[in-house]
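As a plain string of letters, each chain reads:
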Amino acid sequence: MTKKTTTQAASIHHALAAQILNGTLASGSKLPSERILSEMFSTTRVTLREALQRMEAEGSIYRESRRGWFVTPPRLEYNPFTSSLFHQMVESQGRKAATQVISTSTESATPELCLKMALQPSSMLHCIRRLRYVDGRVVMFVEHYLKPEFVPDILKLDLTQSLTSIYREQYDIQCGRATFDIYPTAAHASVARHLNLPEGSPLLMIIRINYDQHGRILDCDREFWRHDAVRISLDNQIPKRHYDHLCS
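Residues numbered from 1 in each chain as written. Predicted model: local features only at pLDDT ≥ 70, side-chain atom pairs only at ≥ 80, totals over all residues. Heavy atoms only, no water.

Details of the domain arrangement of the protein chain
Rules: Where each domain starts and ends follows an automatic or database-derived domain assignment. Note on contacts: a residue pair qualifies if any of its non-hydrogen atoms lie within 4.5 Å across the two residues. Defined here as a combined quantity, buried area equals the accessible surface (1.4 Å probe) lost by two parts on assembly, summed across both.
Domain parsing of the protein chain yields domain 1 (8-71) and domain 2 (76-232). For domain 1 versus domain 2, the distance between C-alpha centres works out to 32 Å. With 10 residues of domain 1 in contact, the opposing surface of domain 2 contributes 8 residues. Here domain 1 and domain 2 share an interface that buries about 740 Å² over both sides, 44% of which is from carbon and sulfur atoms.

Some remarks on the side chain of Asp-221
Which entries qualify depends on this criterion: Secondary structure counts use DSSP, requiring at least four H or I residues in a row for a helix and at least two E residues in a row for a strand, with both numbered from the N terminus. With a 1.4 Å probe rolled over the protein chains alone, any residue whose accessible area is under 20% of its type maximum counts as buried; one over 50% counts as exposed, and the rest are partly exposed. Polar contact is the term for a pair of N or O atoms within 3.5 Å; when the atoms are in protein, one must be able to donate a hydrogen and the other to accept it, and sequence-neighboring residues count only if both atoms are side-chain atoms.
Relative to the helices and strands, Asp-221 is located in strand E9 (residues 217-226). Owing to a relative accessible area of 0%, Asp-221 belongs among the buried residues under this scheme. A polar contact is formed between the side chain of Asp-221 and the side chain of Arg-208, at a distance of 2.4 Å. At 3.3 Å, the side chain of Asp-221 and the side chain of Asn-210 are in polar contact.

Description of helix H6 (residues 163-171)
Every buried residue of H6 is accounted for by Leu-163, Thr-164, Ser-165, Ile-166, Tyr-167 and Tyr-171. Contacts made by the buried residues of H6 are with strand E5 (124-134), strand E6 (137-146), strand E7 (175-186) and E9. Two to three positions downstream of the cap, the backbone nitrogen of Thr-164 sits 3.2 Å from a side-chain oxygen, assigning the N-cap of H6 to Ser-162. Directly beyond the C-terminal end of H6, a positive phi value near 55° is found at Asp-172.

What about the pattern of salt bridges?
The line we're drawing: Definition used for salt bridges: Asp or Glu carboxyl oxygen within 4 Å of a side-chain nitrogen of Lys or Arg.
Taken as a whole, this structure holds 19 salt bridges when the rule is applied. We note a salt bridge from Arg-226 to Glu-64, for which the minimum N-O separation is 4.0 Å. Of this pair, Arg-226 sits in strand E9 while Glu-64 sits in strand E1 (residues 61-64), placing them 162 residues apart in sequence. For the residue pair Arg-226 and Glu-64, the accessibility class agrees, reading buried in each case. For Glu-143, the salt bridge identified is with Arg-222, shortest N-O distance 2.6 Å. Placement of Glu-143 in strand E6 and of Arg-222 in strand E9 is noted, with a sequence separation of 79 residues between them. The class of Glu-143 is buried, set by a relative accessible area of 9%. Looking at Arg-222, the relative accessible area reads 18%, which means it is buried. Via salt bridges that share partners, Glu-107, Glu-112, Arg-129, Glu-143 and Arg-222 belong to a single interconnected network.

Have a look at this one:
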């Protein structure tokens with residue numbers, strides 16, 4: 001790539017970023033089509049996409065399959081040390097939360113899950129797949145893997161609710177400690193489809209192992225977040241009575 005092309009992409013990046021900063025391109029608004037942007041900046045699609053992809057990597061804009069580019073809304077603040085439920089966390093930040101159940105099943109645990117959840121090979125797990133929304137925008141696809149012996153018949157309940165509340169109210173199970181693995185990944189076919197992303201788009205993956213009040217492994221959550229939708233903020237000085245996890 002020539003220096004001239006790179007400099008032109010940087011100029012486009014700077015111009016669009018300035019429009020976002022001054023409000024000309026408002027949060028959540030759709031950018032003009034790539035054809036129109038190419039004409040506006042008198043450039044090629046290749047150079048334009050380089051600029052857009054830089055901004056996507058930074059999280060200032062995002063793509064939706066077959067819909068185009070949009071200005072990213074403010075990130076959600078996510079502190080795993082707090083005890084807030086998803087809906088409470090979102091609403092406490094002045095946003096609107098929603099949950100959609102995609103599917104439920106009972107299936108054999110993968111070798112990875114057997115290892116993470118200390119299970120015997122071929123153990124069965126309930127699996128609940130859900131989408132989480134903030135202000136109408138889908139931001140996370142999550143797979144919950146539950147031990148059936150702890151929560152019999154849970155798949156018959158309204159699973160748009162907090163699973164933590166269901167544990168407490170229906171099964172007298174309290175959430176205890178949790179462990180987290182957090183790392184970047186890319187959207188494979190199924191996750192990309194549910195999040196309305198091009199396959200291979202960047203994601204933030206959070207794998208959480210939840211324990212009950214007796215120290216037993218209760219479940220495993222695999223969260224796939226749009227990387228531009230969340231900011232992980234940790235504060236280990238929170239008083240111990242609040243040291244819980246962001247329950248499901």
